[in-house]
Amino acid sequence: MRNTGKVSEQIMKQNKETKRTPGIDSEEERDTAPKGRRLPVNIHLILLAAIVLVIGFSALRLYLWDKGGERIEYDPNEQTTEFDVEVLDSIMPLAPDKREGFADDGVTTILCLGNDPFSLEQGPGGLAEQIAQKTGATVYNGSFTGTTMAPASATFGEGDMMDAFSFLYVATSLAHGDFALMKTASSYSNDENFPVTTDMLASLDMNSVDILCIMYDASDYINKRPCDDPNEPLNPITYTGALRTGINAIQEAYPHIRIVVMSHTFCHTINAEGNFENADLVDLGHGTISHYLQKERDASLDCGVSFIDNFYGSVNEDNYLDYMTDYIHFNDAGRELLASRFAECIFPDKGQE
């Protein structure tokens, strides 16, 4: 018994000297034993910290974004001629095969057909003359004051003698080389320019013409000509039917000619009381003026010819006071603007000269 007690005392003494950890039986296990106290992990604190970081980062980004850009202040009294609309130009070059076999004389020749924008001023400030100045081309003015794109009736003689000078009849006369109807009608006209212009067109060599420029103001809308016929696109007494029919006739007779349609501009109509009304807000029976614009563009694209949008791209509701003399006619600045638009679209290298 005594020996057993001594052995126990020796073992305890040895354990103290070697600092043996209870439950660890080897030197290797002692090396892997924890040397300090571990802190408890709280998952809720970690999630809360992550949320705080995300919110803080987002707030910082928002602050920097708000500070970084220049503030745009809205002034309700600001006056500007700029407007945020899409201009509906569609510029198409003439297909190369249309010029095959054509003898180019080296001179760019333009024939202008239309009404008041071309006809009311034929001096240096006239539209045709300014197109000539800005493009360097030889320009012929084949316009007739007060006329429309579409005739008043499908059969000549049942309506107004002026029908002979509508685009439909003028284009048909050019295509067929037959001006008898126009010459007869011009003898009844009170406008001395009608017979002069008719004779010029009759004597003009269409094989020398490179570009045909067509522009009528909103007279078809004002005179309540039907805009279009969904069941008959070539209906000659509609605005777009007359345009399609006339263009087709020219294309068939003279395929080498590049055709450009210049749209009407903004204008007013005059109501029964004699007051001006915004033509883009008034339907006279066949749509507002912007309806005529869209249908004119559709007809031009159907025929594969260029279309220049003057309604949004030239004289519009915001700037018409600078370019018009009344509800529909242009001043010198207005004609210059229209000539510049033509030159920029068809002769881009000369449009800014």
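Scroll up for the structure.
Source: prediction; values computed, not measured. Sequence order as written defines residue numbering, which begins from 1 separately in each chain. In keeping with the predicted nature of the model, local features appear solely for residues at pLDDT of at least 70, side-chain atom pairs appear and are counted solely at 80 or more, and the whole-chain, interface and lining totals rest on all residues. Hydrogens and waters are ignored; side-chain quantities use all the structure's heavy atoms.

To continue, consider the overall build of the protein chain. Across its full length, the protein chain holds 14 helices and seven strands. With a 1.4 Å probe rolled over the protein chains alone, any residue whose accessible area is under 20% of its type maximum counts as buried; one over 50% counts as exposed, and the rest are partly exposed. The 353 residues of the protein chain split such that 40% are buried. Should any heavy atoms of two residues lie within 4.5 Å, those residues are counted as being in contact. For the protein chain, long-range pairs separated by at least 24 residues make up 72% of all intrachain contacts whose partners lie at least 6 apart in sequence. A run of H or I in DSSP becomes a helix once it reaches four residues, and a run of E becomes a strand once it reaches two; helices and strands are each numbered from the N terminus.

Turning to the side chain of Asp220, a few remarks are in order. The topology assignment puts Asp220 in helix H9 (residues 219-222). Positive residues here are Lys and Arg, negative ones are Asp and Glu, while His and the chain termini are left out of the count. Note on definitions: salt bridges are taken to be side-chain nitrogens of Lys or Arg within 4 Å of carboxyl oxygens of Asp or Glu. An unpaired buried charge is present at Asp220: no salt bridge exists, and Arg225, the closest side chain of opposite charge, is 4.8 Å distant.

A separate point is the environment of Phe311. By the element assignment, Phe311 lies in helix H12 (residues 310-313). Judged by its relative accessible area of 4%, Phe311 is buried. The spatial distance from the C-alpha of Phe311 to the C-alpha of His264 is 6.1 Å, given a sequence separation of 47 residues. Those residues in contact with Phe311, other than ones at most four positions away along the chain, are Ser263, His264, Thr265, Phe266, Asp280, Ile289, Ser290, Leu293 and Asn316.

Looking now at helix H10 (residues 239-253). Compared with an ideal rise of 1.5 Å per residue, which puts 15 residues at 21 Å, H10 spans 22 Å between its outermost C-alpha atoms and is within 8% of the ideal. Residues of H10 that are buried: Tyr239, Thr240, Gly241, Ala242, Leu243, Arg244, Gly246, Ile247, Ala249 and Ile250. Each element contacted by the buried residues of H10 is listed here: helix H6 (167-176), strand S3 (211-215), H9, strand S4 (258-262) and helix H11 (289-303). The span you would expect from a helix comes to 1.5 Å times its residue count less one.

So, about the pattern of salt bridges. Taken as a whole and judged by the stated rule, the model has seven salt bridges. For the salt bridge of Asp228 with Lys295, the shortest nitrogen-to-oxygen distance reads 3.8 Å. With Asp228 in the loop between H9 and H10 and Lys295 in helix H11, the pair connects residues that are 67 residues apart, well separated along the chain. On the basis of relative accessible area, Lys295 is assigned to the partly exposed category, the value being 26%.

Quick look at the pairing of strand S1 (residues 109-114) now. Taken across its six residues, S1 has six buried, putting it largely inside the fold. In S1, alternate side chains face the same way, and those of Thr109, Leu111 and Leu113 on one face and Ile110, Cys112 and Gly114 on the other are all buried. Looking at chain direction, S1 and strand S2 (residues 138-143) are connected through six bridges and run parallel. By the bridge assignment for S2, Gly114 is matched with Ser143. Any two strands with at least two DSSP-identified bridges between them are counted as paired. Summarising the sheet, S1 and S3 pair through five bridges and their orientation is parallel. If you follow Gly114 over to S3, its bridge partner there is Met215.

Within the secondary structure, Thr145 sits in the loop between S2 and H6. When the C-alpha positions of Thr145 and Phe165 are compared, they lie 9.2 Å apart, and in sequence the two are 20 residues distant. The residues touching Thr145, leaving out its near neighbours within four places in the chain, are Asp116, Ser119, Leu120, Met162, Asp191 and Phe194.

The relative placement of two aromatic rings is captured by the distance of their centres and the angle of their planes. Note on aromatic pairs: the rings of Phe, Tyr and Trp (six-membered ring only in Trp) are paired at centre separations within 6.5 Å, and the planes decide the class, stacked below 30 degrees, edge-to-face beyond 60, tilted for the rest. With the rule as written, the count across this model stands at 11 aromatic pairs. Aromatic pair Phe276 and Tyr327: ring centres 5.8 Å apart, planes at 50°, arrangement tilted. Of this pair, Phe276 sits in strand S6 (residues 276-278) while Tyr327 sits in the loop between helix H13 (320-323) and helix H14 (332-346), placing them 51 residues apart in sequence. Phe276 sits in the partly exposed class, given a relative accessible area of 47%. Accessibility expressed as a relative area gives 21% for Tyr327, which makes it partly exposed. Ring centres of Phe311 and Tyr312 lie 4.9 Å apart, and the angle between their planes is 85°; on these two criteria the pair is classed as edge-to-face. Put simply, the rings of Phe266, Phe311, Tyr312 and Tyr320 touch in pairs and so form one group of aromatic residues.

Let us look at the sheet that holds S2. An order of S2-S1-S3-S4-S7 is seen for the five strands of this open sheet, with the pairing classed as parallel. Only two strands of the sheet have a single neighbouring strand rather than two, namely S2 and strand S7 (306-308). Adjacent strand axes in the sheet meet at a mean angle of 20°, parallel and antiparallel pairs treated alike. Packing against the sheet, H11 makes contact with S4 and S7, and its axis sits at approximately 160° to S7. Between N-to-C directions, angles span 0 to 180 degrees; the directions come from axes that are lines fitted to C-alpha atoms, helices contributing only their stretch in contact.

A cluster of nonpolar side chains, namely Ile43, Ile46 and Leu47, defines an oily patch on the protein surface of about 290 Å² accessible area. Looking at the secondary structure, you find Leu47 in helix H3 (residues 43-68). The residues that make up patches have over 30% relative accessible area and no salt bridge, and they are joined within 9 Å when like-charged or within 5 Å when they are Val, Leu, Ile, Met, Phe, Trp or Tyr. Computed by Shrake-Rupley with a 1.4 Å probe, the accessible areas treat only the displayed protein chains as cover when residues are assessed.

Packing of H10 against H11 leaves a shortest axis separation of 9 Å and a crossing angle of 25°. Here H10 lies roughly parallel to H11, going by the angle between them. In this structure, the crossing between H10 and H11 has a hand that is right-handed. Where H10 abuts H11, its residues Tyr239, Thr240, Leu243, Arg244, Ile247, Asn248 and Gln251 lie against Tyr292, Lys295, Glu296, Asp298, Ala299, Ser300, Asp302 and Cys303. Lys, Arg, Asp and Glu make up the charged group, whereas Ala, Val, Leu, Ile, Met, Phe, Trp, Tyr, Cys and Pro make up the nonpolar group; the residues left over, Gly among them, are polar. Residues belonging to the contact of H10 with H11 are distributed by class as follows: six nonpolar, four polar and five charged. These descriptions rest on fixed angle ranges, namely under 35 degrees for roughly parallel, over 145 for roughly antiparallel, 65 to 115 for roughly perpendicular, and the rest for oblique. Each crossing is labelled by how the near helix is turned from the far one, with a counterclockwise turn of less than a right angle marking it left-handed and a clockwise turn marking it right-handed.

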